[in-house]
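Here is what each chain is made of, one letter per residue.
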Amino acid sequence: MDLSDLPNIDPDRFNGPDVDFLKLSGAADHAPRILLLYGSLRDNSYSRFAAEEAGRLLNAMGCETRFYNPRGLPQPDDDDGSHEKVTELRDLATWSEGMVWSSPERHGAMTGIMKSQIDWLPLKMGGVRPTQGKTLALMQVSGGSQSFNAVNQMRILGRWMRMATIPNQSSVPKAWSEFENGRMKPGPLYSRIVDVMEELVKFTYLMRGRTDYMLDRYSERVETAAQVRARVNKTD
Ligand SMILES: Cc1cc2nc3c(=O)[nH]c(=O)nc-3n(C[C@H](O)[C@H](O)[C@H](O)COP(=O)(O)O)c2cc1C
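Remember, predicted model here, so these are calculated numbers, not experimental data.

Engineer: Help me understand the overall build of the protein chain, please; the structure alone is not making it clear to me.
Structural biologist: Across its full length, the protein chain carries eight helices and eight strands. Its C-alpha radius of gyration of 19 Å places the protein chain within 12% of the 18 Å reference for a compact globule of 236 residues. If you line up the protein chain on its principal axes, its C-alpha atoms span 70 × 45 × 30 Å. Counting over 236 residues, the protein chain shows a buried share of 46%.

Have a look at this one:
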């Protein structure tokens, strides 16, 4: 495990997932693919810095990570979906096995930038499900005291996108005091991000290979059977 880029980490306490256990269960044949989204376009965006810290931790835990830059993404429905920024976002979501969403809190809510990204992700594109059955970790930053408005809203959004949203989450209050030169200071708020990423990696391994099983639903089986019956009746 390469910890050279993580000066705040206690190497004796930083385990990452027990990959030997996971190998035994056949779940660890490739690195977890995690997509990180953030909800701000500011140059000195703390929600992006927090996502970048998460990305470094995930890399150290053996994950492959990718970031999406929301700059230039059209507003939902202001394009037919063929815009290159929309295609890029959908391709990244399809590639991923899990996601991190990191939003600032603005006016007691996640930002429109954060929400727009999710609104461009359909539940189904042909046979592909870009979000369903994938894992999700939530993070927010605020300028004021600690609050959970954005993560609570994103938790609802995660449910709507049928994602396995992990229980632990990160909320960084007074974000302006927690970062220096783009890096997060050590302390309990940083340790919490380590916890959240550890949990995300574990859940991603546990979900691997079980997505179809988890997404198999009675109501959809009934619907599919009705469609098949209708097609057969039409050709009779
Ligand atoms: C329009 C606006 C509304 C904001 N509303 C809140 C808020 O409701 N609660 C809060 O704690 N901080 C609020 N803030 C502060 C932001 O959360 C803070 O500046 C944060 O760092 C922005 O995220 P970013 O650094 O990723 O751009 C607000 C900032 C702006 C510009």
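Engineer: Is there a simple way to think about the packing of aromatic side chains in this case?
Structural biologist: For any pair of aromatic rings, the description consists of the separation of the ring centres together with the inter-plane angle of the planes. For the structure on display, the rule yields three aromatic pairs. Centroid distance Tyr46 to Phe49: 6.0 Å. Interplanar angle 70°. Geometry classified as edge-to-face. With Tyr46 and Phe49 both in helix H2 (residues 46-60) and three residues apart, this pair spans about one turn of that helix. The structure contains a cluster of three or more aromatic residues connected by ring pairs, namely Tyr46, Phe49 and Phe179.

Engineer: Teacher, can you tell me more about H2 here?
Structural biologist: One turn of the α-helix equals 3.6 residues, which is why residues spaced by three or four share an orientation. Given a rise of 1.5 Å per residue, 15 residues ought to cover 21 Å, and the 21 Å separating the end C-alpha atoms of H2 matches this to within 8%. Within H2, the full set of buried residues consists of Ser47, Arg48, Phe49, Ala50, Ala51, Glu53, Ala54, Gly55, Leu57, Leu58 and Ala60. Of the residues one or two after H2, Gly62 is the one with positive phi, at around 90°.

Engineer: Explanation requested: the site of the ligand in the structure shown.
Structural biologist: Around the ligand sit 15 residues, and of these Ser40, Arg42, Ser45, Ser47 and Glu105 come closest. At 2.8 Å from an oxygen atom of the ligand is found a main-chain nitrogen or oxygen belonging to Tyr46. One of the backbone nitrogen or oxygen atoms of Glu105 is found 2.7 Å away from an oxygen atom of the ligand. Compared with its free state, where it exposes 630 Å², the ligand has 72% of that area covered by protein. The set of elements that each furnish at least two residues to the shell around the ligand consists of H2 and strand S3 (98-106). With three residues, the single largest contributor to the shell around the ligand is S3. Of the residues contributing to the shell around the ligand, the split by class is three nonpolar, nine polar and three charged.

Engineer: Could you clarify how one ought to interpret unusual backbone geometry in this entry?
Structural biologist: Among all residues save glycine, negative phi is the norm, and among peptide bonds the norm is trans. Unlike most non-glycine residues, His107 shows phi in positive territory, near 50°. Among the secondary structure elements, His107 is positioned in the loop between S3 and strand S4 (109-110). Even without a glycine there, the phi angle at Arg162 is positive, about 55°. Relative to the helices and strands, Arg162 is located in the loop between helix H5 (149-160) and strand S6 (164-172). On the basis of relative accessible area, Arg162 is assigned to the partly exposed category, the value being 34%.

Engineer: When you look at the pattern of salt bridges in this model, what are you seeing that I'm missing?
Structural biologist: Pairs can form between side chains of opposite charge whenever their charged atoms are close. Enumeration according to the criterion identifies 14 salt bridges in this entry. With its nearest N and O atoms 3.2 Å apart, the salt bridge here joins Lys85 to Glu88. Taken together, the positions of Lys85 and Glu88, both in helix H3 (residues 84-95) and three residues apart, correspond to about one turn of that helix. On the basis of relative accessibility, which here comes to 12%, the residue Lys85 falls in the buried class. Note on Glu88: relative accessible area 33%, which makes it partly exposed. A salt bridge links Arg129 to Glu220; the shortest N-O distance between them is 3.9 Å.

About the cut-offs
Residues numbered from 1 in each chain as written. Predicted model: local features only at pLDDT ≥ 70, side-chain atom pairs only at ≥ 80, totals over all residues. Heavy atoms only, no water. Helix = DSSP H or I, 4+ residues; strand = E, 2+ residues; numbered from the N terminus. Rg over C-alpha atoms; globule rule 2.2 N^0.38 Å. Buried < 20%, exposed > 50% of the residue type's maximum accessible area, 1.4 Å probe, protein only. Phe/Tyr/Trp six-rings, centres within 6.5 Å; stacked < 30°, edge-to-face > 60°. Expected span 1.5 Å × (residues − 1). Near = heavy atom within 4 Å. Polar contact = N/O pair within 3.5 Å; in protein donor to acceptor, adjacent residues only side chain to side chain. Areas by Shrake-Rupley, 256 points an atom, 1.4 Å probe, with all protein chains shown as cover. Nonpolar A, V, L, I, M, F, W, Y, C, P; charged D, E, K, R; others polar. Salt bridge = Lys/Arg side-chain N within 4 Å of Asp/Glu carboxyl O.

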